[in-house]
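Architecture and fold: a report
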Amino acid sequence: MINILKVLLLFSVFAFFSCNKKEIEDRPITWGKYTLMEIEANEPVDINFNGVKHTDLKKEIGSLNTCALFLYGNKYPSVDLLWPEPLINQQKLLEELPCHYSEGMKIDYVNVSIQYYVDIKSDTPSSYVLNKGQKIADDASVYTFEYPEKMIVNTDKQVIYFETTQTFLTQEGCKSVLLKIRFGLVH
């Protein structure tokens, strides 16, 4: 009788670990398009020059509502991030940001593509880390957005989140702001 209990216990443990392995294999990264769900700055800023400061930058930059993150899982996994960069007086995109704000200066934010290869590491059964690799397009553009060293993919919630900085022109001058960003998979 004791031997039968040992066999049943051993079989139960084996079945448990087999199910866990299957669960891990059933939750791979979902490749595709992710849209911005949340962006929070570490301090309130007024970058649309309306006199009101926010930490929720969707209230400051309208083009954040249309930015996206594309996760490609081909032979060389990569991320294509469409992210807003300042367009000064409708003529200077991806050039150095001026240090001073002048009355009447027009600043629009235009989504530009920033593409990097990524190295994928498993963090936990439902979480992966996308480490920044080589930039895909070699250009001399000046970005105010600092591409993150790593992004976290939560496969259970189908979200990608990361922290980074971006420099913005404010009425007080240029300010580098820490951002917490979360993207969700488009279904």
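Here we summarise the structure given alongside this text. Here the residue numbering is sequential within each chain, running from 1 through the sequence in written order. Confidence filtering applies because this is a predicted model: local features only for residues at pLDDT of at least 70, side-chain atom pairs given and counted only at 80 or more, and all residues used for totals across whole chains, interfaces and linings. The side-chain quantities take in all heavy atoms of the structure and omit both hydrogens and water.

Buriedness of a pocket was judged along seven lines, with at least five required to meet protein on both sides within 12 Å; pockets are open sets of points on a 1 Å grid over the protein atoms alone, cavities are sets where a 1.4 Å probe fits but cannot get out, and lining residues have an atom within 4 Å of a point. Grid points are joined across faces, edges and corners, and a volume is the space filled by probe spheres set on the points. Inspection of every chain in the model, using the stated rule, returns one cavity of 30 Å³ or more. Put simply, the largest cavity is a space of about 50 Å³. Surrounding the largest cavity, Glu85, Pro86, Ile88, Lys92, Leu93, Leu94, Glu95, Glu96, Leu97, Val142 and Thr144 form its lining. Starting at the N terminus, helices and strands are each numbered in turn, a helix being any DSSP run of H or I of at least four residues and a strand any DSSP run of E of at least two. Residue assignment for the lining of the largest cavity shows that the elements contributing at least two residues are β4 (78-88) and β5 (92-93). The leading source of residues in the lining of the largest cavity is β4, at three residues. Under this grouping Gly is polar, as are all residues other than the nonpolar Ala, Val, Leu, Ile, Met, Phe, Trp, Tyr, Cys and Pro and the charged Asp, Glu, Lys and Arg. Residue composition of the lining of the largest cavity, grouped by class: six nonpolar, one polar and four charged.

Moving on to the packing of aromatic side chains. Aromatic pairing here means that ring centres of Phe, Tyr or Trp (its six-membered ring) are within 6.5 Å. Orientation follows from the plane angle: under 30 degrees is stacked, over 60 is edge-to-face, and everything else is tilted. Scanning the entire structure with this criterion turns up eight aromatic pairs. For the pair Trp83 and Phe145, a centre-to-centre distance of 4.8 Å together with 35° between the ring planes defines the contact as tilted. Residue Trp83 is found in strand β4, and its partner Phe145 is found in the loop between β7 (127-135) and β8 (150-154); the two are separated by 62 residues along the sequence. Burial classification: accessible surface area is computed with a 1.4 Å probe over protein chains only, and a residue below 20% of its type maximum counts as buried, one above 50% as exposed, and the rest as partly exposed. The exposure class of Phe145 is buried, given its relative accessible area of 5%.

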